[in-house]
Amino acid sequence: MNSFGRIFRVHIFGESHGDCVGLTIDGCPAGLPLTVDDFAVDIERRKPGAKGTTPRKEDDIPQIKTGLFNGKTTGAPLTILFENKNTRSADYEKLRAVPRPGHADFVASKKFGGNEDYRGSGHFSGRLTVCLVAAGVVAKKIINGVDIKAGILEIGGEQDLEKGLKKAIDAKDSIGGIIECKVNGLPVGLGEPFFDSAESLISHTVFAIPAVRGIEFGTGFAAARMFGSQHNDAIENKTGKTFTNHAGGMVGGITNGNELIFRIAIKPTSSTPIEQQTLNIETNAVESFSVKGRHDLCIALRVPVILEAVTAFVLADLMMLEQRIPRVIS
C-alpha cells in the first residue's frame, strides 16, 4: 500500500504534521558510498521559497537511521527520517466539518472512519514527496551513467512561466502546469510486456505524486492523429537507434535504447483562496468556503525533481531485475 518495487523496494511513512516523515529502502546494494551531503542538491530543489511556492519551510536534513556503516550502505534496509518542525496544525482544526474541494479530506474520513490525521492532509500530503526525492537520490547513485532531467514546459498554458504565474496571481487563484522528463543512457531491454511494462511502472510511481492528472510518452495523444507510417520509428542501426522517436524510447513495454521521454500534467493547487461552495458535514448544508493558510500557488514548480526521483527508482529496480546492477558495489 505504501511500498513500490520488487528488488529496489521503497516504503514511505509519516504525516504532514506528525513528528516526521520518512522512508525505508529495501534491496539497496551494499557498498554504495552515501552521505547526508549527497541529498542536499535535490532536497534543495524540492524546497519551497521561490515565487509561487508555499512559505512553509523545513530544514529537511536527512537522518540516516539504519543501513549505513562507515559511510557505505550495508545491504540491510536503509531508513531515512525528515523531521517536521514548521507546522501550524491549528489552521486545520476548523476545517474538520468542511471537507476541502479537491483534497482527500472527505474520502479519507470515509475510508478510515474519521481516525485519519487530517492536519495538513496527513498521510495524503505533498510533504511526503521529500521521501520520494530521497529515494531518488539513492537510486540515481545506483544507476550512475543514466541521465535523468525534468523541466517545466508550461504553466497555465503559457510557455513563459512568469506569464503563467502572473495569470494566477492576478486571478488570486492557483494554477497547474506540464512537466517533461527525458532519460538518456538506458540499455535496451528494461521492462516486460503488459502489466510490468516500463511505461506501466513509471506511470504507477508518477501517480504517487500528488496533483498528477495525466501522463503521455513520446508523441502521446498526438499519435491518435497520425498515420502509422508517420508514427513508426524506423531503426537506423544495430544499436537500436531510430530515425524518429515517436514511441518515446519504449516499444512493446520495453526500453529500446533511445531517449526515454514523457510528460505529465499537474493540476492547479487544490488549496485556493477563491471562495467555493462545499458541504458542511455537520450541518449537512452547502456553504461558502475558502482555504486560508500557507499553500503553493503552483505545485508544478516543485515537481521536476520529484519526477526525476520516481523515474530513477523505477529504473533502478528494473536494472536490478535484469542483473545490470550488482547487489554489492565494489
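Scroll up for the structure.
Residues numbered from 1 in each chain as written. Predicted model: local features only at pLDDT ≥ 70, side-chain atom pairs only at ≥ 80, totals over all residues. Heavy atoms only, no water.

A. Geometry of the overall build of the chain. Across its full length, the chain carries eight helices and 15 strands. Its C-alpha radius of gyration of 21 Å places the chain within 12% of the 20 Å reference for a compact globule of 330 residues. The C-alpha extent of the chain, read off along each of the three principal axes, is 65 × 55 × 35 Å. The buried share among the 330 residues of the chain stands at 48%. For the chain, contacts bridging at least 24 residues in sequence account for 72% of all contacts bridging at least 6. (Helix = DSSP H or I, 4+ residues; strand = E, 2+ residues; numbered from the N terminus. Rg over C-alpha atoms; globule rule 2.2 N^0.38 Å. Buried < 20%, exposed > 50% of the residue type's maximum accessible area, 1.4 Å probe, protein only. Contact = heavy atoms within 4.5 Å.)

B. Highlighting the pairing of strand β9 (residues 177-184). Examined bridge by bridge, strand β8 (residues 147-155) and β9 share eight bridges and lie antiparallel to one another. Bridged to glutamate 154 within β9 is isoleucine 178. Where β9 meets strand β13 (residues 260-266), seven bridges bridge the pair, whose relative direction is antiparallel. Residue isoleucine 179 lies in a different strand from β13, and its bridge partner there is isoleucine 264. (Pairing = 2+ DSSP bridges.)

C. Quick peek at the side chain of threonine 278. Looking at the element boundaries, threonine 278 is found in strand β14 (residues 276-280). In terms of polar contacts, threonine 278 uses its side chain to reach the backbone carbonyl oxygen of proline 99, at 3.2 Å. Once you skip the residues sitting within four places of it in the chain, threonine 278 turns out to touch Val98, Pro99, Pro101, Ala285, Val286, Glu287 and Phe289. (Polar contact = N/O pair within 3.5 Å; in protein donor to acceptor, adjacent residues only side chain to side chain.)

D. A look at the sheet that holds strand β10 (residues 212-217). Strand order in the open sheet made by the four strands is β8-β9-β13-β10, with antiparallel pairing throughout. At either margin of the open sheet sits one strand with a lone partner, and together these are β8 and β10. Taking each pair of neighbouring strands and ignoring which way they run, the sheet shows an average axis angle of 20 degrees. With respect to the sheet, helix α6 (residues 198-206) is in contact with β10 and β13, its orientation differing from that of β10 by roughly 160 degrees. (Axes fitted to C-alpha atoms, helices over the stretch in contact; angles between N-to-C directions.)

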